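# Fold and geometry: a report
Here's the letter readout for the chains.
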Amino acid sequence: MTDKACRICHFISDGSICPNCDESDLSDDFSGIVVIIDPEGSAVARAMKVKKKGHYALRVR
Ligand SMILES: [Zn+2]
């Protein structure tokens, strides 16, 4: 099982399509993981324009 990060929204998943934005532009070359638990109350989530809780990559190549 290989986790991949979406190049569009940085959402990390193990599928071939991003469950967050339905894009298939995924990369297994990413660094830094941010766990967003409370998108509404998190300044990090707001800064990253994240609306859904989950794991996000800080940097995707
Ligand atoms: Zn995405």
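Here is what the cut-offs are and how they apply
- Residues numbered from 1 in each chain as written.
- Predicted model: local features only at pLDDT ≥ 70, side-chain atom pairs only at ≥ 80, totals over all residues.
- Heavy atoms only, no water.
- Phe/Tyr/Trp six-rings, centres within 6.5 Å; stacked < 30°, edge-to-face > 60°.
- Helix = DSSP H or I, 4+ residues; strand = E, 2+ residues; numbered from the N terminus.
- Buried < 20%, exposed > 50% of the residue type's maximum accessible area, 1.4 Å probe, protein only.
- Lys NZ or Arg CZ within 6 Å of the ring centre and 35° of its normal.
- Donors = N, O, S within 2.8 Å, 3.2 Å for Na, K, Ca; no water.
- Tetrahedral: all angles 85-135°; square planar, octahedral: opposite > 155°, others 65-115°.

### As for the packing of aromatic side chains
- Per the counting criterion, the structure on display carries one aromatic pair.
- A centroid spacing of 5.2 Å and a plane angle of 85° characterise the contact between Phe 11 and Tyr 56, whose relative ring orientation is edge-to-face. Here Tyr 56 lies in strand E5 (residues 54-60) and Phe 11 lies in the loop between strand E1 (4-6) and strand E2 (12-13), a separation of 45 residues in the sequence. Each member of the pair, Phe 11 as well as Tyr 56, carries the same accessibility label: buried.
- Sitting over the face of the ring of Phe 11, Lys 52 holds its NZ or CZ atom 5.4 Å from the ring centroid.

### Overview of the coordination of the zinc ion
- For the zinc ion, every protein donor is listed as Cys 6 (SG), Cys 9 (SG), Cys 18 (SG) and Cys 21 (SG), and the spread of their distances is 2.2 to 2.4 Å.
- If you look at the zinc ion, its four donor atoms make angles of 104 to 118° with each other, and the shape they trace is tetrahedral.
- Coordination of the zinc ion draws on donor residues from a single chain, spaced C-x2-C-x8-C-x2-C in sequence. Per residue, the accessibility class of Cys 9 equals that of Cys 18, and both read buried.

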